[in-house]
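So you can see what is in the structure, the chains are spelled out below.
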Amino acid sequence: MSLLFFTPQARAQYWEAANQLTNVISPILSGSGAYKGSIEIMGVAGVGNDKLNHVEFSTSQGYQYNQWFYMGAGLGVDIVRSSYTDVDNVYRPESGEWGPTRPSRFGQKRIGVMIPVFSDFRLTIPTGNSSSPSVFIDLRLGASWLVGNNYLRTQDNWLRTNTQFYLRPSIGVRIPTNARNARQAVNIGVSYLLLTSNNSSWAYDNPSFSSVGASISYEW
């Protein structure tokens, strides 16, 4: 292994990797990256028993440190709807059983608003020149809070006002919209959203709420 490492080819590959890492870290430490902002709308549908559907409006502001790495922070407004609906049960003499008849007046689908705050990391993989579409991988990490309501009821749990861990990876296509300004682009992607916390809940101690859908954003 030592002989392999010290061959000219291995040394060249090592120094190339080291230079790439330096090129990424240096602008971050010096703050010399270019400002970039974006606005986005996302729609995701809940999966599993505890379905929460989300329509989220957000903005991310930060720095494009080089051609392929962006880091910033963001804030959003998330309109959340629970698919849980109660029903009134009545006794049915013909069958000798209790059964549902209609949605309860207390069981309308619950709607709430959440406020996510997050760090945003994005990797852009070029597929051609600056005016060509490229592939992006985005990761948002932060926290989200339910506001206005004390809780939202789901099938097996409660979404409460406790701090929720917010995780949202996305992958998609970046499409430049201005041939003379490569900073302007539309991003279309597929997103996964996870909310979870150590809440006291209806059935479980640690409920997690997952959703999958799509997002579209404009960046400048």
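Parameters at a glance
Residues numbered from 1 in each chain as written. Predicted model: local features only at pLDDT ≥ 70, side-chain atom pairs only at ≥ 80, totals over all residues. Heavy atoms only, no water. Pairing = 2+ DSSP bridges. Helix = DSSP H or I, 4+ residues; strand = E, 2+ residues; numbered from the N terminus. Salt bridge = Lys/Arg side-chain N within 4 Å of Asp/Glu carboxyl O. Buried < 20%, exposed > 50% of the residue type's maximum accessible area, 1.4 Å probe, protein only. Phe/Tyr/Trp six-rings, centres within 6.5 Å; stacked < 30°, edge-to-face > 60°. Lys NZ or Arg CZ within 6 Å of the ring centre and 35° of its normal. Contact = heavy atoms within 4.5 Å. Core = buried A, V, L, I, M, F, W, Y, C linked by side-chain atoms within 4.5 Å. Polar contact = N/O pair within 3.5 Å; in protein donor to acceptor, adjacent residues only side chain to side chain. 1 Å grid on protein atoms, 1.4 Å probe; cavity = no way out; pocket = protein on both sides within 12 Å on 5 of 7 lines; lining within 4 Å. Points joined across faces, edges and corners; volume = space filled by probe spheres on them. Nonpolar A, V, L, I, M, F, W, Y, C, P; charged D, E, K, R; others polar.

Time to look at the pairing of strand S6 (residues 111-125). Direction of pairing for strand S3 (residues 69-82) relative to S6: antiparallel, over a ladder of 11 bridges. In the sheet register, Met71 faces S6, and the bridge partner there is Phe121. Across 13 bridges, S6 lies against strand S7 (residues 134-147) in antiparallel orientation. Note that in S7 the partner of Arg122 across the bridge is Asp138.

What follows deals with the pattern of salt bridges. Under the defined criterion, the tally for this structure stands at nine salt bridges. When the shortest N-O distance is used, the salt bridge between Glu40 and Arg168 registers 2.6 Å. Taken as a pair, Glu40 in strand S1 (residues 34-47) and Arg168 in strand S10 (residues 164-176) lie far apart in primary sequence, 128 residues in all. Of the two residues, Glu40 and Arg168, neither departs from the other in class, the shared state being buried.

With that settled, the discussion passes to the packing of aromatic side chains. Across all of its chains, the model carries six aromatic pairs by this definition. Ring geometry for Phe118 versus Tyr166: centroids 6.0 Å apart, planes at 15°, classification stacked. Taken as a pair, Phe118 in strand S6 and Tyr166 in strand S10 lie far apart in primary sequence, 48 residues in all. Phe118 gets classed as buried once you look at its relative accessible area, which sits at 3%. Its relative accessible area of 0% is what places Tyr166 among the buried residues. Arg153 extends its terminal NZ or CZ atom over the ring of Trp158, reaching a point 4.8 Å from the ring centre.

Bringing the environment of Arg140 into the picture now. Counting through the fold element by element, Arg140 comes out in strand S7. Sequence separation between Arg140 and Phe121 is 19 residues, and the spatial gap between their C-alpha atoms is 6.4 Å. The residues contacting Arg140, other than those within four sequence positions of it, are Glu40, Glu56, Ser58, Ser60, Phe118, Ser119, Asp120, Tyr166, Leu167 and Arg168.

Turning next to the nonpolar core. The nonpolar side chains of soluble globular proteins are, as a tendency, buried together. Formed by 13 residues in total, the largest nonpolar core has its most connected members in Met114, Leu159, Leu193 and Leu195. Counting only elements with at least two residues in this core, the list comes to S1, S6 and strand S11 (185-196). When near neighbours in sequence (up to four residues on either side) are disregarded, Leu195 contacts His54, Met114, Ser144, Gln164, Phe165, Tyr166, Pro207, Ser208 and Phe209.

What follows concerns the side chain of Gln164. Secondary-structure assignment places Gln164 in strand S10. There is a polar contact of 3.2 Å between the side chain of Gln164 and the side chain of Ser197.

As paired strands, S7 and S10 are joined by 11 bridges and run antiparallel to one another. For Val135, the partnering residue across the bridge sits in S10 and is Val173. Relative to S11, S10 runs antiparallel, the two sharing 10 bridges. The partner of Ile171 across the bridge, within S11, is Val190.

As a further point, take the layout of surface pockets. Put simply, the largest pocket is a space of about 410 Å³. Lining the largest pocket are 26 residues, with Gln64, Gln67, Arg174, Ala182 and Glu219 positioned closest to its centre. Those elements giving two or more residues to the lining of the largest pocket turn out to be S1, strand S2 (52-64), S6 and strand S12 (208-219). With four residues, the single largest contributor to the lining of the largest pocket is S1. Residue classes in the lining of the largest pocket are distributed as five nonpolar, 15 polar and six charged.

Spatial relationships are all this shows, so hold off on functional conclusions.
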